[in-house]
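Examination of the molecular architecture
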Amino acid sequence: MISRPNTYRPLHRTLALIKTCLHSGDLQRARYLFDKIPEPDLRSWTIFISTHVQHGFPKEALEIYRTLLARKIHPDELVLLSLAKACAVSADLSQAKEIHSDAIRFGFNKHLLLGNALIDMYGKCKFIDGARRVFDDMVVKDVVSWTSMASCYVSCGMSREGLLAVRDMSLNGVRPNSLTLSSTLPACGILKDLKCGREIHGFSLRNAIEGNVFVNSALVNMYATCLSLKQARLVFDSLPRHSRDIVSWNAILTAHFLNKECDEALALFYQMRRNGIQFNHASWNAVISGCVHNARNELALTMFHKMKNSGFKPNQITIVSALPACTNMESINCGKQIHGYALRHWFVEDITIATALLLLYAKCGELELARAVFYSMPKKDMVTWNTMIFANSMHGNGEEALTLFHQMLHSGVKPNSVTFIGVLSGCSHSQLVDQGIHIFNSMSCEHSIRPDRDHYSCMVDVLSRAGRLIQAYEFIQKMPIEPSAAAWGALLGGCRVYKNVELGKIAASRLFEIEPDNSGNYALYFNILVSAKMWVEASETRKVMKDKGITKTPGRSWVQVKNRTYSFAAGEKSNKQSDEMYEFLNVMEEKMRSAGYQPNTDFVLQNVDRQEGEESLCNHSERLAVAFGILNSSGKSSIRVFKNLRICGDCHNVIKFIAKVVDMKIVVRDCFRFHHFKDGYCSCRDFW
């Protein structure tokens, strides 16, 4: 028997110690031990690199690889295999391309194992062209090759191509396995292709693959996504109780949430606990995201806290699931707490989390915080750019929305149709008419994006808000597609602002045909008639509404004080501080009158005398919410109020004055945009 060299055992012990160090996270000690090896051979380098990848240090593994190349050592297939996995974990496309290039340079690109790993690597990096190139270069392709390629198509948003790859796989004599089916079934759900999903289900039954837990879970999800919950439940219920593992339970749980059966899903969640099923991160994430999906935002946040109290640390998916609940509830404090957690655990580098934070701050009126998140992001995708553009549009910063659009183009990120809606909305709110026309015309001629109804409606809004009502009407008449209710609504809104009764009648008559039960259209037209003192016509409109049973949506405003939301309707007097609120508003009114303010009773939607009209204005919900917020501000320099309808023009003037008198910033978000009141001015420059 030939004995190994004496140096083998010390080297073997050193490599074992290195593995132990990396397992415990001690990278510095591991590097120190490796550097003590006199002349590490390729096998040592391979173990050192692969161990870093195995223990969750992909970036460090790639740095070590660069050191290996610097020492003129040629890697073997095993090194490149580990590095492909490292790039897959880190989703580093730039480094992935280098590893692929080295595989070609050193002659390993046609090897089956490495080729499969490279395809998977490009799939995780969402780069379909690279995966396709690797796949085409491979001489031999097995079931893993085909499955990886099909999965790559699906992960890159090319679901139809993924299903076609599975078909080509069968035509080439390669039999799909359980991983193939579980990887491609989500494509059927994405495409809502129930027929194809059933065909794959049939294949799994004929080939005895239906017993695989991952296939069954994918089938449950596919049927649920295709809104076939009965079939999803049949698949789940057909499983023997001992085969219903956590994956299957999570799948049926998600299925009920997706189909708006929130109570049934929650019952299943508690049943899991009673049956002794141990929750995992996916279980908690399914419940949190499911509650948000079903507008149970407060419950979603309760589940988030229960998850933490149960010993589970929220991961990236949890954060992405919970943040929309804060956004929907306009809970800035809760959002900041989750932001703090994400910062402490280095999750803010995740582009999806950062974008969710950006949206949270923008919708809660904290545009400066939204900007801080945006400009701290090392990478920005199309969704991120679109979100920031919309954020500025909502807050009336049309110029900044345009600047961001051009920065987006300069960065190499291509805009989509949503981008142009955001930019055009910004132009609308800031009276940037010429810029809006240029952006609209550039869609088809420069960016090959065909304008749809939403874009045409935005252009009508751009023209209408700027007072170009005749031009807006002519634009509608020349539209190559049937004008939508939004287009006519934009024109009607412009007629309200600029008191154009004639065009208002035309727009209203079309809206009454398109949306005969929309109370907002009647209320807006009624407002135009009242402003013009056309009481007979206004009464006729009110009678039509009454005969049809159409009631005006009541205005409500709400404000958050100490993490609790307080809601107000016009004339609200049920609050414990109602007397203080009305007293505060009376004092403000006296000061305003001394300063020359006269209430604008054009905003009173009824034929009453001037005194009654003025009293009606004083009872508007936004004034009450502002008064309550100021009285409970506890020394804060700003308050935020939200309203479900457009802010009243007279209330807009009053809140400007109040902000100046109390020396506070008052942010009001109505159904159209944000208004930032400070020092007697509003960010909308009295144009909304």
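Quick look at the structure, then. (Residues numbered from 1 in each chain as written. Predicted model: local features only at pLDDT ≥ 70, side-chain atom pairs only at ≥ 80, totals over all residues. Heavy atoms only, no water.)

**Some details on the sheet that holds strand β1 (residues 556-561)**
Note the threshold: Two strands pair under a simple rule: DSSP has to find at least two bridges between them. Secondary structure counts use DSSP, requiring at least four H or I residues in a row for a helix and at least two E residues in a row for a strand, with both numbered from the N terminus.
Here six strands make up an open sheet; going across it, the order is β2-β1-β3-β4-β5-β6 and the pairing mixed. The open sheet has two edge strands, β2 (564-569) and β6 (681-682), and neither has a second partner. The pairing of strand β5 (residues 674-678) with β6 spans two bridges and is classified as antiparallel. Along β6, the bridge assignment pairs Phe 677 with Cys 682.

**Brief notes about the packing of helix α15 (residues 246-258) against helix α17 (residues 281-293)**
Counted only if it meets this: All axes here are fitted lines through C-alpha atoms, helices being fitted over the stretch that makes contact, and every angle between N-to-C directions spans 0 to 180 degrees. Geometric relationships in this document are graded by angle, where less than 35 degrees denotes roughly parallel, more than 145 denotes roughly antiparallel, 65 to 115 denotes roughly perpendicular, and other angles denote oblique. Every residue pair with non-hydrogen atoms within 4.5 Å of one another is taken to be in contact. Here the term charged refers only to Asp, Glu, Lys and Arg, the term nonpolar to Ala, Val, Leu, Ile, Met, Phe, Trp, Tyr, Cys and Pro, and the term polar to all other amino acids, Gly among them.
Where α15 meets α17, the closest approach of the two axes is 9 Å, and the angle between their N-to-C directions is 0 degrees. Comparing the axis directions of α15 and α17 gives the class roughly parallel. Between α15 and α17, the contacting residues are Ile 246, Asn 250, Leu 253, Thr 254, Phe 257 and Leu 258 on the first element and Ala 282, Ser 283, Ala 286, Val 287, Gly 290, Cys 291 and His 293 on the second. Among the residues making up the contact of α15 with α17, the classes are represented as eight nonpolar, five polar and no charged.

**Here we look at the packing of aromatic side chains**
The criterion, for reference: Only Phe, Tyr and Trp rings are paired, with Trp represented by its six-membered ring, and only when their centres lie within 6.5 Å; those with planes under 30 degrees apart are stacked, over 60 edge-to-face, the remainder tilted. Only protein chains enter the area calculation, which uses a 1.4 Å probe; residues under 20% of their type maximum are buried, those over 50% are exposed, and those in between are partly exposed.
All chains considered together, the criterion is met by 21 aromatic pairs. On the numbers, 5.4 Å between centres and 65 degrees between planes, the contact of Phe 405 with Phe 420 is edge-to-face. One end of the pair, Phe 405, is in helix α24 (residues 398-410); the other, Phe 420, is in helix α25 (residues 417-429), with 15 residues separating them in the sequence. Per residue, the accessibility class of Phe 405 equals that of Phe 420, and both read buried. Aromatic pair Phe 568 and Phe 628: ring centres 5.4 Å apart, planes at 55 degrees, arrangement tilted.

**So, helix α6 (residues 93-105)**
Inclusion rule: Given a helix with a known number of residues, its expected span is that number minus one, times 1.5 Å. Working definition: the arc comes from the directions between the helix axis and the C-beta atoms, pointing outward to the latter. In protein, a polar contact requires one atom able to donate a hydrogen and another able to accept it; more generally it is a pair of N or O atoms within 3.5 Å, and residues adjacent in sequence count only if both atoms are side-chain atoms.
In this model, α6 (13 residues) spans 18 Å end to end at C-alpha, consistent with the 18 Å of a helix rising 1.5 Å per residue. Taken as a whole, α6 has its buried residues at Gln 95, Ala 96, Ile 99, His 100, Asp 102 and Ala 103. Along the axis of α6, the buried residues cluster in a sector spanning 160 degrees; they form a single face. Among the structural elements, α4 (58-70), α5 (77-90), α7 (112-124) and α8 (128-137) are those in contact with the buried residues of α6. For α6, the capping residue at the N-terminal end is Asp 92, with a side-chain oxygen 3.3 Å from the backbone nitrogen of Ser 94.

**What about unusual backbone geometry?**
One non-glycine residue with positive phi stands out, namely Glu 330, at about 55 degrees. The residue Glu 330 is located in the loop between α19 (316-329) and α20 (332-344) in this model. The exposure class assigned to Glu 330 is buried, which follows from its relative accessible area of 8%. Of note, Ser 448 is a non-glycine position whose phi angle comes to about 55 degrees, a positive value. Locating Ser 448 in the fold gives a position in the loop between α26 (433-447) and α27 (453-465).

**As for the pattern of salt bridges**
Keep this limit in mind: We define a salt bridge as a side-chain nitrogen of Lys or Arg found within 4 Å of a carboxyl oxygen belonging to Asp or Glu.
Tallied over the full model, the rule gives 22 salt bridges. Measuring nitrogen to oxygen at the nearest pair gives 3.3 Å for the salt bridge that ties Arg 167 to Asp 168. On the basis of relative accessible area, Asp 168 is assigned to the partly exposed category, the value being 27%. Between Arg 640 and Glu 366 there is a salt bridge whose closest N-O contact spans 2.9 Å. One end of the pair, Arg 640, is in strand β3 (residues 638-643); the other, Glu 366, is in the loop between α21 (351-363) and α22 (367-376), and 274 residues separate them in sequence. What you see here is one network of salt bridges that share partners, running through Glu 368, Arg 371 and Glu 400.

**Re the pairing of β1**
Bridge count between β1 and β2: six bridges; the pairing is antiparallel. Across the sheet, the residue bridging to Gln 560 is Thr 565, located in β2. Once β1 ends, the chain turns through two residues before running back antiparallel as β2, passing Lys 562 with a positive phi of about 55 degrees. Examined bridge by bridge, β1 and β3 share three bridges and lie antiparallel to one another. Bridging across to β3, Ser 557 finds its partner in Lys 643.

**What to know about a negative patch on the surface**
Stated formally: Put simply, a patch holds well-exposed residues, over 30% relative accessible area, that have no salt bridge, with like charges counted together within 9 Å and Val, Leu, Ile, Met, Phe, Trp or Tyr side chains within 5 Å. Note on areas: Shrake-Rupley with a 1.4 Å probe; residue coverage comes only from the protein chains shown. Two residue types count as positive, namely Lys and Arg, and two as negative, namely Asp and Glu; His and chain ends fall outside the count. Charged side chains are reduced to one point each, which is NZ for Lys, CZ for Arg, CG for Asp and CD for Glu.
On the surface, a cluster of negative charge is made up of Asp 579, Glu 580, Glu 583 and Glu 590. If you trace the backbone, Asp 579 turns up in helix α33 (residues 578-594).

**Some remarks on the nonpolar core**
The cut-off we apply is this: The term nonpolar core refers to a set of buried residues drawn from Ala, Val, Leu, Ile, Met, Phe, Trp, Tyr and Cys, joined through side-chain atoms within 4.5 Å.
By size, the foremost hydrophobic cluster in this structure holds 124 residues, and its most contacted members are Leu 253, Ile 338 and Leu 491. For this core, the element with the highest residue contribution is α21, accounting for eight residues. Ranked by size, the runner-up nonpolar core spans 45 residues in total, among them Phe 48, Leu 81, Phe 108 and Leu 118.

**Quick word on the packing of α19 against α20**
The condition is simple: Each crossing gets its hand from how the near helix is turned against the far one by less than a right angle, where anticlockwise is left-handed and clockwise is right-handed.
Here α19 crosses α20 at 160 degrees, and the two axes come no closer than 9 Å. It follows from the interaxial angle that α19 and α20 lie roughly antiparallel. The two elements α19 and α20 meet at a crossing, and its hand is left-handed. In this structure, α19 uses Ile 319, Ala 322, Leu 323 and Cys 326 to contact α20, whose residues at the interface are Cys 334, Gly 335, Ile 338 and Tyr 341. Considering only residue class, the contact of α19 with α20 consists of seven nonpolar, one polar and no charged.

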